[in-house]
Amino acid sequence: MTKEQHDWMVFHRVRFSKPIDGNNNPFPGPERADAWRFYPKSPLNADGMYTNISDEWGGFGLYSARHNAEKVFEAPEDHLPFLGDTVESYHALVAPYSHHGKVNWRGQVMENSSITTAPTDPGGPLVVFTSAGYDNPGPDDLPRIGNFLREVDKVQEYFGTLPENIRRAVFSGSAVDAHDGMTVSIRRNDAAMMKAAYKPGHHRDQMNYHSEKGHFDRSSFTRGRIISSKGSWGGGDPVQELI
């Protein structure tokens, strides 16, 4: 890539007409995508693990060329046949401008290099993606994994009390295609994101817990700007709500 080029993301969030079992059952992505991660948002089962069965799914494709990302954004139904089975869909063209950490989104764990970011912040509505993962987890890891998943859901509940957090979700990927999943949140502004993430609150508490005891083996965060959006997530377009 030249200095002017960077990766692009197209984010998709959908609701199907009925729950879909995602266990070892990934949806194929657009042929134009360099990487495709798309997962269910599901509840915890009796063992404290995600069921991976849900009518709500979300994720993104990564593209090294803007025109490929725009083709998918402009006509997602031409690239994602499963959209015919949905009752609600939302799509966003995203320019990532910050990416740090370790994540398996491209078939292997990569550090600070899974996404090539824009050389400057293009400005616009903020969307944040985070991930967490484990290195060769075994039975002894199940208690801390279960504890982490419970706390992730509690963090989502906490974010839901903040008017600055427009939309949020956890999409779990490990049981679908053995890659890392993601949290997604659309924020009213950067200051609100920084306050929610790093000032006193449940998220800050869990960051402190991880520093002391360890929730997971690796993590990443990615910040991006929504360049264009369309469709409906939870009854409306969150970007239009911001405007």
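About the criteria used
Once a new chain begins, its residue numbering starts again from 1 and follows that chain's sequence as written. Predicted model: local features are reported for residues with pLDDT of at least 70 only, side-chain atom pairs are reported and counted for 80 or more only, and whole-chain, interface and lining totals are derived from all residues. Side-chain measures were taken over the full set of non-hydrogen atoms in the model, leaving aside hydrogen atoms and water. Secondary structure elements are taken from DSSP: a helix is a run of H or I of four residues or more, a strand is a run of E of two residues or more, and numbering for both begins at the N terminus. Contacts were defined at the residue level, with two residues in contact if any of their heavy atoms lie within 4.5 Å. A side-chain nitrogen of Lys or Arg and a carboxyl oxygen of Asp or Glu constitute a salt bridge if their distance falls within 4 Å. Accessibility here uses a 1.4 Å probe with only protein chains present; expressed as a share of the type maximum, an area under 20% marks a residue as buried, one over 50% as exposed, and anything in between as partly exposed. Each pair of strands is called paired provided DSSP finds at least two bridges between the two strands. Within 6.5 Å between ring centres, the rings of Phe, Tyr and Trp (the latter by its six-membered ring) count as paired, and their orientation is classed by plane angle as stacked under 30 degrees, edge-to-face over 60, tilted in between.

A. Focus on the environment of histidine 79. Assignment of secondary structure puts histidine 79 in the loop between α1 (66-74) and β4 (86-103). As for histidine 79 and asparagine 45, which are separated by 34 residues in sequence, their C-alpha atoms are 33 Å apart. What histidine 79 contacts, discounting residues up to four positions off in sequence, is Gly29, Pro30, Arg32, Lys71 and Val72.

B. Expanded view of the pattern of salt bridges. Under the definition given, this model contains 14 salt bridges. Note that glutamate 88 and arginine 15 form a salt bridge whose closest N and O atoms lie 3.7 Å from each other. Within this pair, whereas glutamate 88 is found in strand β4, its partner arginine 15 is found in strand β1 (residues 8-21), the two being separated by 73 residues in sequence. Here glutamate 88 falls in the buried class, since its relative accessible area comes to 11%. Across the salt bridge formed by arginine 66 and glutamate 70, the nearest N and O atoms sit 2.8 Å from each other. Here arginine 66 pairs with glutamate 70, and both are found in helix α1, just four residues apart, close to one helical turn. For glutamate 70, a relative accessible area of 23% corresponds to the partly exposed category. Three or more residues joined by partner-sharing salt bridges are found here, namely Arg13, Arg15, Asp55, Glu56 and Glu88.

C. Spatial organisation of the pairing of strand β7 (residues 165-171). The element β7 is largely enclosed, with a buried count of six among its seven residues. Bridging between β7 and strand β8 (residues 182-187) involves six bridges; their strand directions are antiparallel. Directly across from asparagine 165, in β8, lies its bridge partner arginine 187.

D. Highlighting unusual backbone geometry. With phi around 60°, asparagine 112 is a residue other than glycine that occupies positive phi space. The phi angle at asparagine 136 is positive, at roughly 50°, despite the residue not being glycine.

E. Representation of the packing of aromatic side chains in the model. Per the counting criterion, the structure on display carries 16 aromatic pairs. An angle of 20° between the planes, with centres 5.2 Å apart, marks the rings of tryptophan 36 and phenylalanine 38 as stacked. The same class applies to tryptophan 36 and to phenylalanine 38, which are both buried. Look at tyrosine 90 and tryptophan 233: their rings are 6.0 Å apart centre to centre, the planes differ by 45°, and that puts the pair in the tilted class. Taken together, the positions of tyrosine 90 in strand β4 and tryptophan 233 in the loop between β9 (218-231) and α6 (238-242) put the pair 143 residues apart, joining distant regions of the chain.

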